[in-house]
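Okay, here's what each chain looks like letter by letter:
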Amino acid sequence: MKKINFVICAFLLTGFAFAQKIQIKKDKILYDKAEIAIITEPFRNHYDFSTLSGEKKFSVDFKGLSVNDTQFYQWLEVTSADGKIKTEIPHDVLITAFDVKRIIAHNLSVKYNLLDASGINDAALKTFFETERESLSDKYGKTVASAKIEGDAQKKKVQEIKSRYNPQIQNDKSITFTQGGKLVIVGRLVTEPYIVGGGARDYAYIYDIDGNKAVSLGFVSLGSNFKITGFDGKSYEFVTKSMYSEGNTTFLNEFLWDAVSHGYTFGHQIRDENAKLLAAKVALAKERSANIYNKRGYLIDGDGKRYDGVISIYFQMLDLNETGQVLPEDAADNFGKRVSIKYRNEKNQERTKTFKASSNAYFCITENNKETFYYGMAIKGEAMKKIQNIGNFAFDNAFFFQMIHKEDKIMVLHDPVEIEKYIIKIATEAKGQMLDRRSSENLSVQLADYLKACKGLSEDIKKNEFDLKIEENLVKIAQEYQNCN
């Protein structure tokens, strides 16, 4: 954590001129070398500001709280001369100086205009005390209390992991835990020599036994300010009184214990975490996919035989990384061509059969008292898919499609994955007519020809009286075809 120290401080260019104006000589405050006020310190960290004639105008108490050796909070409590009004402001170190009285006087002059060439500015002082401010005592007090609670909790966690794992760094830099009374190697430590002026960089690493970098340690800034970064992308501050060096076993052991206390246990942890992540991605991809996994239903084969059981079919690739790519672009599209059903035969023996879409089978998924039908059929009209499959020596252009509407003479279906693609299938044709992504005007000629048995409807379609991209229109076409004489 950042160490706040009024001796080592930032030099702000905007305050440089004021730094030259405000000086302290014994008890006198000088502005451009002219005496303007008196500052006295009757007791430690308490400063009274008075006019040159000795009239007290206000006092300042320097306040501070520390979380540990490297984290400090400092502020100023400013009190009116009569002691009735108090307010708190940050202890901003705006100049390089060793005299805290000068730093405070400079801050009050630059930021609040309480000191100027005329002395103590009464108008600015009145405005200063009338301004509402947050209580820094409360703010920092709560922060420090919370930090100390966290620090105590962290110390307890470290003690627990030391008792549980007994993490050790061996002479050959291997990391060991004690498990079941035996030393077990869980990783190895790699360190680099400290480079003066090397800046914020990593110097120590712990690799697991699979060779994966589990944690790394680097400097945040000079001094005891360190950061540990884990393989999961999380990072946190590591506070210690020890200084880093390749041979400082105290520091390196504290680094190891702290890393383990934050949940990094090395061994096969990264492998196992990656496996869990992959499993979660697969589960989510399955849930989002159009695929059917072990759903109750039934299947009717091409001969009319019924099978009741559990059905599975893959309509798409699993999109683990959510790229949007779920169907092959260059290879043959074999998705949606085969469905499997696990059922029990007449002897109550479990069997599994697979049926091709080209076999004229259809199946039904029953879920939440709802039936969803899928029909297998060859299609025509989607030239790009056919060319893609033929180019990859896949001459079967039959797929299972989800039924939307069914009449005795005609069905309306769509692709389970590319749901914008519809299929019209009439009972007198072996193949269904695909309505792909082309415009309604381009598709109307093909559909009109496919439905030519119903002359009036065919002519209306050819005249583009139906927008074939609207599902309700396709259902209307099916209904008119069914009633066509």
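Relevant structure appears above.
1. Structural notes on the state of the cysteines
Next, step 1: By the definition in use, this model includes one disulfide.
Next, step 2: Here Cys 454 engages in a disulfide with Cys 484; their sulfurs sit 2.2 Å apart. Here the S-S torsion is close to 100°, and the disulfide linking Cys 454 with Cys 484 is therefore right-handed. Pair noted here: Cys 454 is in the loop between helix H8 (440-450) and helix H9 (455-462) and Cys 484 is in the segment after helix H10 (471-482), with a separation of 30 residues, a long-range link.
Next, step 3: With relative accessibility at 5%, the residue Cys 454 sits in the buried group.

2. Details of empty space enclosed by the protein
Once rolled over the atoms, a probe with the size of a water molecule shows which space is left empty.
Next, step 1: Here the structure, examined in full by the defined rule, presents one cavity of 30 Å³ or more.
Next, step 2: One number sums up the size of the largest cavity: a volume of about 120 Å³.
Next, step 3: Lining the largest cavity are 15 residues, and of these Asp 333, Phe 335, Phe 399, Phe 401 and Asp 415 sit closest to its centre.
Next, step 4: Counting residues per element, the lining of the largest cavity draws most heavily on strand E23 (residues 398-406), at three residues.
Next, step 5: Looking at the lining of the largest cavity, its residues break down into ten nonpolar, one polar and four charged.

3. Here we look at the environment of Phe 251
Next, step 1: With respect to the element layout, Phe 251 can be found in helix H5 (residues 249-261).
Next, step 2: The spacing of Phe 251 and Thr 240 is eleven residues in sequence and 7.7 Å in space, taken between C-alpha atoms.
Next, step 3: Phe 251 has contacts with Leu 217, Phe 226, Phe 238, Thr 240, Ser 242, Met 243 and Tyr 244, leaving out every residue within four places of it along the chain.

Calculation rules
Residues numbered from 1 in each chain as written. Predicted model: local features only at pLDDT ≥ 70, side-chain atom pairs only at ≥ 80, totals over all residues. Heavy atoms only, no water. Disulfide = S-S within 2.5 Å. Helix = DSSP H or I, 4+ residues; strand = E, 2+ residues; numbered from the N terminus. Buried < 20%, exposed > 50% of the residue type's maximum accessible area, 1.4 Å probe, protein only. 1 Å grid on protein atoms, 1.4 Å probe; cavity = no way out; pocket = protein on both sides within 12 Å on 5 of 7 lines; lining within 4 Å. Points joined across faces, edges and corners; volume = space filled by probe spheres on them. Nonpolar A, V, L, I, M, F, W, Y, C, P; charged D, E, K, R; others polar. Contact = heavy atoms within 4.5 Å.

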